[in-house]
Amino acid sequence: MAYTYGFCSSPSISFNQRSFNHPIVFQSRTPQLRITQISLQESVSEVTHNLNPQSSNVSQFAAEKKKSYIWVNPKSPKASHYKQKSYDSRYNSLTRVAEALNSCLPVEEDVFNILDSNLGSKLVEQDGISVLNKMLDPLKARIVLKYFQDRCDLNREVVLYNVTLKVYRKNKDLDGAEKVFDEMLQRGVTPDNVTFSTIIGCSRLKSLPGKAVEWFEKMPSFGIQPDDVTYAVMIDCYGKAGNVEMALKLFDRSRTEKWRLDAVTFTTIIRIYGTSGNFDGCLTVFEEMKALGVKPNLVCYNTLLDAMGRAKRPWQVKSIYQQLLSSGLTPGWATYAALIRAYAKARYGDDAMNVYKEMMAKGLSLSNVLYNILLSMCADVGFVDEAVAIFEDMKSSTDCKPDTWTYSAMITIFSCCGKVMEAEETFKEMVESGFESNIYVLTSLIQCYGKSNRTDDVVKTFDRIIDLDITPDERTCGCLLNVMTQTPREELGKLTRCVEKQNPKLGNLIKLLVESNIEDETFKNEASEILRDVGEDVRKAYCNCLIDLCINLDQLEKACDLLDLGINLDIYSDIQSKSPTNWSLHLKSLSLGAALTALHVWINDLTKALEEGEELPPLLGINTGHGKHKYSDKGLAGGVETHLKELNAPFHEAPEKAGWFLTTNVAAKSWLEARRDDVAVAA
């Protein structure tokens, strides 16, 4: 029989004549604190089932309680005697039994001996629930379940099974839990919502979202309607199982029906939106969870940082990281990794290096992937000294060593800045370390030798690619084109023969261009065919290099034809823009030769506009971008500025708009008219 107790301030004790035949209740004038003896933690539904007033046991107990109870002064010497008879005392003893069971061997004899010696013969179903609820070993829990099944009259056997399943969930033993479920059905026990939610929880802990979905979708066949808690959990499971549509459908429903979602579920939705490219959706969900009072955990912050990194939004990465620090959470390895990936992708070199230094200061080791991401970024932004330091740190690391990608990045860095000796030494070290030459490394060496005007070594390296049975790709050919823009005219023939081996049509076009032996229309048609055939990822590079080559060969008209072709093929877009207040020329992402060609075309367009009587706007501007070339002190802006001075053009760098050269319509009109007159005189 279960006992409950409370306290009252009455100085007297009143005994009913039948006091020893009924529960002892210490009553208080203050509201009674009702204690539920069953604790299934997350299994809220089960507790609800057990408190159902329709239960015959509960109803009978309530009726008895109304009939008779005892008032006991808690200060009375007899109070402690009655307390010992209460169920709290019984519950504490059952907890000790569970602890003893957790320490014994998982054999039936040992388990039964402990239960027999501690529980006696007067067993109730609640005893089994209390013991199982505190157990840790699923094998022993199964034995305890059998013990109570054989010795008790069971009114709610499903509760015994549910607390047993909870032990399997603690141990992430999904196979065992499924066997217990099968046994339930064989005994004719009907599972309830808690049964399924416990097995679903076990599947989640095992990182098997597909299994969780499988069990969730079995519920209707047993006539069970999932509760809001289970539905909320399934948002996470469907998301991780790849069923994005169902996850988002449940998430939308959760908003309407006000389900209580946890940080894990919100994190899954953020990850889904981030993977699908809905980066604004990530931020919306993040703000929504905070508005609902759900505190983001470290995994949530890391997931959002990764999403903003993929979105190339480094400014939002900084903001989110500051929120993380302000929340009191401590950044972990995954946090720093997300920051490095985000800053490196956005080419925020200084920020990425600061994160790297902080990791080093905290004794956190980097993975090969992170080292290579940093080195690749250094190659992109021209951090030569920083790359050397990272490379040396990686070589001294006990956790990882340089691989092919590492050496490729270092050779690329040395190649871009023309450090031939360092590039060759790194290549030698790579081969001695057991790594084979690949197309990326050899292409970088071609670039290195080309930058140093070592044309013969370029040819030798290309021949080495052929000898190794490596097929030159479009990037290799693009690298050869880039080298040709830096090569004296008399040596272009050597490189043309290399290009012909990879792309015969392109090689022949360059040959005719160098020999000035091709008609403009034929050149334009053949160039169009070549640019259409190459991949989109190299198309702009090819067009830029061909225009640069034309400029170097003093063939401006063909350079203009190529620029026009690039615009028609959508290789270049929005080079010129017009508004009522200003006309602009946008040269960002163009090579220097292509930029000077676009400038030439724009000046001609301005001259034509004047001749046709069109009024110039108040302001005219040229936008070159404000960055310098990553391996040079002189960027596109410097090259354009030099050319403008050669033309005596009235464009001047704007002090408050980096990368912009501006002039007024009055100055531009005067200069264009003077230039037109000079051309007329020369003719």
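Conventions used here
Residues numbered from 1 in each chain as written. Predicted model: local features only at pLDDT ≥ 70, side-chain atom pairs only at ≥ 80, totals over all residues. Heavy atoms only, no water. UniProt positions renumbered as here; feature names shortened; annotations may be inferred. Helix = DSSP H or I, 4+ residues; strand = E, 2+ residues; numbered from the N terminus. Buried < 20%, exposed > 50% of the residue type's maximum accessible area, 1.4 Å probe, protein only. Contact = heavy atoms within 4.5 Å. Areas by Shrake-Rupley, 256 points an atom, 1.4 Å probe, with all protein chains shown as cover. Pairing = 2+ DSSP bridges. Axes fitted to C-alpha atoms, helices over the stretch in contact; angles between N-to-C directions. Right-handed = clockwise from strand over helix to strand, strands pointing away. Phe/Tyr/Trp six-rings, centres within 6.5 Å; stacked < 30°, edge-to-face > 60°. Lys NZ or Arg CZ within 6 Å of the ring centre and 35° of its normal. Patch = residues over 30% accessible without salt bridge, like charges linked within 9 Å, V, L, I, M, F, W, Y side chains within 5 Å. Salt bridge = Lys/Arg side-chain N within 4 Å of Asp/Glu carboxyl O. Lys, Arg positive; Asp, Glu negative; His and termini not counted. Charge placed at Lys NZ, Arg CZ, Asp CG, Glu CD. Expected span 1.5 Å × (residues − 1). Polar contact = N/O pair within 3.5 Å; in protein donor to acceptor, adjacent residues only side chain to side chain. Parallel < 35°, antiparallel > 145°, perpendicular 65-115°, else oblique. Left-handed = near helix turned anticlockwise from the far one by under 90°. Nonpolar A, V, L, I, M, F, W, Y, C, P; charged D, E, K, R; others polar. pLDDT = per-residue confidence, 0-100.

With an unreviewed UniProt entry as reference, the protein chain is termed Smr domain-containing protein, source organism Deinandra increscens subsp. villosa. Under Sequence similarities (unreviewed entry), UniProt gives the following word-for-word description of the protein chain: "Belongs to the PPR family. P subfamily."

Trainee: Quick rundown of the overall build of the protein chain? Include the residues and the values.
Mentor: When its secondary structure is counted, the protein chain shows 34 helices and five strands. Residues counted as buried form 48% of the 683 residues belonging to the protein chain. Restricting to contacts in the protein chain with at least 6 residues of sequence separation, those with at least 24 account for 65%. Summed over its atoms, the accessible surface of the protein chain is roughly 34400 Å², and 50% of this surface lies on carbon and sulfur atoms.

Trainee: Please provide a residue-by-residue account of the sheet that holds strand β3 (residues 619–623), values included.
Mentor: Sheets are built from strands paired through backbone hydrogen bonds, the pairs being either parallel or antiparallel. Strand order across the open sheet formed by five strands is β1-β2-β3-β5-β4, with mixed pairing between neighbours. Where the open sheet ends on each side, the last strands, each with one partner, are β1 (576–578) and β4 (652–653). Relative to strand β2 (residues 582–586), β1 is paired through three bridges, and the arrangement is antiparallel. Across the sheet, residue K578 finds its bridge partner in β2, namely W583. Helix α32 (residues 592–611) rests against β1, β2 and β3 of the sheet, and its axis sits at about 160 degrees to β2.

Trainee: Go over the pairing of strand β5 (residues 660–664), please, and point to the residues and values.
Mentor: Residues in a regular strand point their side chains to alternate faces of the sheet. A large share of β5 lies buried, amounting to four of its five residues. Here β3 pairs with β5 via five bridges, running antiparallel. Each bridged residue has a counterpart across the sheet, and for I622 the counterpart in β5 is F661. One ladder, built from two bridges, connects β4 with β5; its direction is antiparallel. Within β5, the residue paired with E653 across the bridge is F661. Between β4 and β5, which follow one another and run antiparallel, lie six residues, and G659 among them has a positive phi close to 85 degrees.

Trainee: Can you lay out the pairing of β2 for me, pointing to particular residues and giving the numbers?
Mentor: Hairpin connection from β1 to β2: three residues lie between these consecutive antiparallel strands. With α32 bridging β2 and the parallel β3, this β-α-β connection has right-handed handedness.

Trainee: Before we move on, can you summarise the packing of aromatic side chains with the specific residues and values?
Mentor: This model, assessed by the stated rule, comprises 17 aromatic pairs. For the ring pair W405 and Y440, a centre distance of 5.4 Å and an interplane angle of 40 degrees mean the geometry is tilted. You can see W405 sitting in helix α22 (residues 404–416) and its partner Y440 sitting in helix α24 (residues 439–451), a full 35 residues away along the chain. Of the residues examined, W405 reaches a relative accessible area of 53% and is grouped as exposed. A residue is classified by how much of its surface remains accessible, and Y440, at 44% relative accessible area, is partly exposed. Centre to centre, the rings of W602 and F651 are 6.0 Å apart; their planes meet at 50 degrees, and the pair counts as tilted. Placement of W602 in helix α32 and of F651 in the loop between α33 (636–646) and β4 is noted, with a sequence separation of 49 residues between them. Accessibility assignment for this pair places W602 and F651 in one class, buried. One aromatic cluster in this structure is built from F181, F196, W215 and F222. Seen from the ring of Y231, R253 lies directly overhead, with NZ or CZ sitting 4.3 Å from the centre. The positively charged end of K578 is found above the aromatic ring belonging to W583, 4.3 Å away from the centroid.

Trainee: Hey, could you go over a negative patch on the surface for me, with residue numbers and the actual values?
Mentor: Together, E611, E612, E614 and E615 give the surface a local cluster of negative charge. Residue position: E612 is located in the loop between α32 and β3.

Trainee: Account for α24, with residues named and values stated.
Mentor: With 13 residues, α24 should cover 18 Å at 1.5 Å per step; its first-to-last C-alpha distance of 18 Å lies within 8% of that length. For α24, the complete set of buried residues consists of I439, V441, L442, T443, S444, L445, I446, C448, Y449 and G450. The inward-facing, buried residues of α24 contact α22, α23 (420–432), α25 (455–467) and α26 (474–484). Put simply, N438 is the residue that caps the front of α24, since its side-chain oxygen is 3.0 Å from the backbone nitrogen of Y440. One or two residues past the end of α24 sits N453, with phi positive at roughly 60 degrees.

Trainee: Just give me the short version of the packing of helix α19 (residues 349–361) against helix α21 (residues 384–396), but keep the residues and values in it.
Mentor: The N-to-C vectors of α19 and α21 enclose an angle of 30 degrees; their axes lie 13 Å apart at closest approach. As summarised for this structure, α19 and α21 are arranged roughly parallel, according to the angle between their axes. Classified by chirality, the crossing of α21 by α19 is left-handed. Every residue of α21 that contacts α19 at M353, Y356 and M360 is listed here: E386, A389, I390 and D393. The class makeup of the residues in the contact of α19 with α21 is five nonpolar, no polar and two charged.

Trainee: Lay out the pattern of salt bridges with the relevant residues and their values.
Mentor: Applying the stated rule across the entire model yields 29 salt bridges. Across the salt bridge formed by K501 and D463, the nearest N and O atoms sit 3.4 Å from each other. Residue K501 is located in helix α27 (residues 492–502), and its partner D463 is located in helix α25; the two are separated by 38 residues in the primary sequence. Assessed through its relative accessible area of 55%, K501 is described here as exposed. Connected through salt bridges with shared partners, the residues E178, K211, E214 and K218 form a single ionic network.

Trainee: Outline the environment of S670, supporting the account with residue identities and numerical values.
Mentor: Turning to its location among the elements, S670 is positioned in helix α34 (residues 665–682). A residue is classified by how much of its surface remains accessible, and S670, at 46% relative accessible area, is partly exposed. In this structure, the C-alpha to C-alpha distance between S670 and P650, residues 20 residues apart in sequence, is 9.3 Å.

Trainee: Outline the confidence of the model for the protein chain, supporting the account with residue identities and numerical values.
Mentor: In the predicted model, the protein chain carries a mean pLDDT of 84, and the fraction of residues at 70 or more is 85%. Least confident of the elements in the protein chain is helix α1 (residues 44–50), whose mean pLDDT is 39; most confident is helix α18 (residues 333–345), at 96. In this model, residues 1–68 is a region of pLDDT below 50 whose contacts with residues beyond four sequence positions or in other chains number 104 contacts.

Trainee: Explain the packing of helix α30 (residues 536–552) against helix α31 (residues 556–568) to me, using residue names and the numbers behind them.
Mentor: Two numbers describe how α30 lies on α31: the axes approach to 8 Å, and their chain directions differ by 165 degrees. With respect to their mutual orientation, α30 and α31 come out roughly antiparallel. Of the two elements, α30 crosses α31, and the hand of that crossing is left-handed. Seen from α30, the contacting residues are C543, L546, I547, C550 and I551; seen from α31, they are L556, K558, A559, L562, L563 and G566.

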